[in-house]
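# A structural walkthrough
The primary structure of each chain is shown beneath.
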Amino acid sequence: MKASKALVLASIAAYGVGIAATLSGSPPIADIPANAQIAMMAGMGGLLSLHLKYPRNEWLKIALTLAYGGLAAASFGGLQKWNWSGQPQPILGPAMAAWDLALAVAVNAD
């Protein structure tokens, strides 16, 4: 399996865990309502799943690249505040930005 596909699969799994964490009362993002987080994670996981089914769809690649580029900027800039066990952790912003940038590249790898 290519590293790009493995990263996409791992991200889909991470969204599932994020949904479970949110439902159990430990949402991964601060200051965003739980229902909105669940919807966002389900939506992005769904788009990544579509990418696995249609890996050559250029519009989907563009949409995912733009989305993950924007999410990376939001995480790195501190607009998206990430929690660990219910507590904000500033180091998670740059870490999530790196993950999002890697995903933006991975969806374009053939």
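All of the points below concern the structure found in this document. Since this is a predicted model, take the numbers as computed values, not measurements. (Residues numbered from 1 in each chain as written. Predicted model: local features only at pLDDT ≥ 70, side-chain atom pairs only at ≥ 80, totals over all residues. Heavy atoms only, no water.)

This paragraph deals with the overall build of the protein. Of the regular secondary structure elements, the protein holds 4 helices and 3 strands. Shown N-terminal to C-terminal, the secondary structure of the protein runs as helices and strands in the order α-β-α-α-β-β-α. Over its C-alpha atoms the protein spans a radius of gyration of 14 Å, differing by no more than 12% from the 13 Å that the globule rule assigns to 110 residues. A principal-axis box enclosing the C-alpha atoms of the protein has dimensions of 40 × 25 × 25 Å. Split into buried and exposed, the 110 residues of the protein put 30% on the buried side. Taking as baseline every contact in the protein between residues at least 6 positions apart, the subset at least 24 positions apart corresponds to 56%. Accessible area of the protein: about 6400 Å², with a carbon and sulfur share of 71%. (Helix = DSSP H or I, 4+ residues; strand = E, 2+ residues; numbered from the N terminus. Rg over C-alpha atoms; globule rule 2.2 N^0.38 Å. Buried < 20%, exposed > 50% of the residue type's maximum accessible area, 1.4 Å probe, protein only. Contact = heavy atoms within 4.5 Å. Areas by Shrake-Rupley, 256 points an atom, 1.4 Å probe, with all protein chains shown as cover.)

For strand E1 (residues 29-30) and strand E2 (residues 81-84), the ladder comprises 2 bridges, and the chain directions are antiparallel. Counted as the bridge partner of isoleucine 29 is tryptophan 82 from E2. Summarising the sheet, E2 and strand E3 (residues 87-88) pair through 2 bridges and their orientation is antiparallel. Of the residues in E3, the one forming a bridge with asparagine 83 is proline 88. Counting the residues in the hairpin turn of E2 and E3 gives 2 residues, including serine 85, whose phi is positive at 55°. (Pairing = 2+ DSSP bridges.)

These values are about where atoms sit, not about what they do.
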